[in-house]
Amino acid sequence: MQTKPNPGFFKRNAPIAGEAEAIENAKNGDPDAFAKLYALHKRRVYTLCLRMLGNVSEAEDMTQEAFLHLFRKLGSFRGESAFSTWLHRLTVNLVLMHLRKKGLQLVSLEETINPSEEDAPKRDFGSRDTMLTGSVDRVTLERAVALLPPGYRMVFVLHDVEGFEHNEIATMLECSTGNSKSQLHKARLKLRELLRQSQALQPLDSASEPISEKGPAGQKVIA
Amino acid sequence: MKDIATANFDKMTTAEFEEYLPELFENGGGSISKDPRFSTFFKANPDCAALVRDLETIAEQAKSLFEPGAGTEPSDAVWSNIASKLKDEPPTKQN
């Protein structure tokens, strides 16, 4: 039987030059090796935190926590998954724990399940006039992602960006696999709506202008 | 979730099709728009075809977000804090 390839698997498992050696040396207490691991992974870990939290200050705090946690747990890394996959899962779990401590029910998963009428994707197919194909660049998409309701954003980032499987997301978010699939679909529908709105609003000569400088909660939008 | 195996896509309404979409995206390998099983349905429902292509574009483009954009990185203070805390903390070796 042919196994379905998971694009995320390949993305997250790309080998990084010098990583394996740095891991082994850091496990043996070499501070320079740990600094190298930080240098190799800081941007991805920070970006993941920023997307999940939507707030620069909190994202920096959680990046710090993630690497401190990494330092403590590095000895238990046995290479059964790629290091980046392991580190990102560790980071996601820390961020979720942080959000739970803040009293947010799984980053507003409740809100995801029952989003306000304004936040939920509209139940229409739209017209073909403003089809997106070929016209979504990463900056535009990044800004639209920042405008998603938090619960939608979480599932979208974990699945479509980070490449986690629905069963992994279900475990992390303590929801069902079906729920994860359904929320991802709604997130993509909402993104389509946001991207079509941004296209409709943009004059042709300013197509590269941002949707907005700030997200709905005033968070910095990643450019 | 609806059972895709027993579905007749040629005689489906757009609302029914949308109910299948999450599962189709999960199992369709990201190319529903090119799947011959849906060609008749897409011909009859071009708005649905456009929706599917848009969602495929979004899912495909999302992969490019995995690598952070230029200039997206934590401030130097983050590493200073980490380095300062690590000085007081010996590494935990687990074999």
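Everything numeric in this text was worked out from a predicted model, so none of it was measured.

In terms of regular secondary structure, chain B is built from 4 helices and 0 strands. Mapped in sequence order, the helices and strands of chain B form the string α-α-α-α. Looking at chain B as a whole, 25% of its 95 residues are labelled buried. Contacts in chain B between residues at least 24 apart in sequence constitute 42% of all its contacts with a sequence separation of at least 6.

Turning to the environment of A:Glu58, a few remarks are in order. All names here are of chain A. Tracing the chain through its elements places glutamate 58 in helix H4 (residues 56–73). The class for glutamate 58 is partly exposed, based on 18 C-beta atoms found within 10 Å. Between the C-alpha atoms of glutamate 58 and tyrosine 46, which are 12 residues apart in sequence, the distance is 10.0 Å.

Another aspect to go through is unusual backbone geometry. Residue and element names in this part refer to chain A. Of note, the phi angle at glutamate 174 is positive, near 55 degrees, even though the residue is not glycine. By the element assignment, glutamate 174 lies in the loop between helix H9 (166–173) and helix H10 (177–201). Residue glutamate 174 is classed as exposed on the basis of its 12 C-beta neighbours within 10 Å.

Residue and element names in this part refer to chain A. Taken as a whole, chain A is organised into domain 1 (15–101) and domain 2 (109–206). At the interface, 8 residues of domain 1 touch 8 residues of domain 2. Residue assignment for the side of domain 1 that touches domain 2 shows that the elements contributing at least two residues are helix H3 (31–53) and helix H5 (83–101). Of the residues contributing to the side of domain 1 that touches domain 2, the split by class is 4 nonpolar, 3 polar and 1 charged.

Okay, the packing of H3(A) against H5(A) next. Residue and element names in this part refer to chain A. Their axes nearest at 10 Å, the elements H3 and H5 cross at an angle of 35 degrees. In this structure, H3 crosses over H5, and the sense of that crossing is right-handed. For the pair formed by H3 and H5, the contact residues are His41, Arg44, Val45, Leu48, Cys49, Met52 and Leu53 on the first element and Ser84, Leu87, His88, Thr91 and Val95 on the second. Residues that form the contact of H3 with H5 fall into these classes: 7 nonpolar, 4 polar and 1 charged.

What counts, and where the lines are drawn
Residues numbered from 1 in each chain as written. Chains lettered and ligands numbered in written order. Predicted model: local features only at pLDDT ≥ 70, side-chain atom pairs only at ≥ 80, totals over all residues. Helix = DSSP H or I, 4+ residues; strand = E, 2+ residues; numbered from the N terminus. Buried ≥ 20, exposed ≤ 12 C-beta atoms within 10 Å, placed from the backbone. Contact = placed C-beta atoms within 7 Å. Domains from an automatic or database assignment. Nonpolar A, V, L, I, M, F, W, Y, C, P; charged D, E, K, R; others polar. Axes fitted to C-alpha atoms, helices over the stretch in contact; angles between N-to-C directions. Left-handed = near helix turned anticlockwise from the far one by under 90°.

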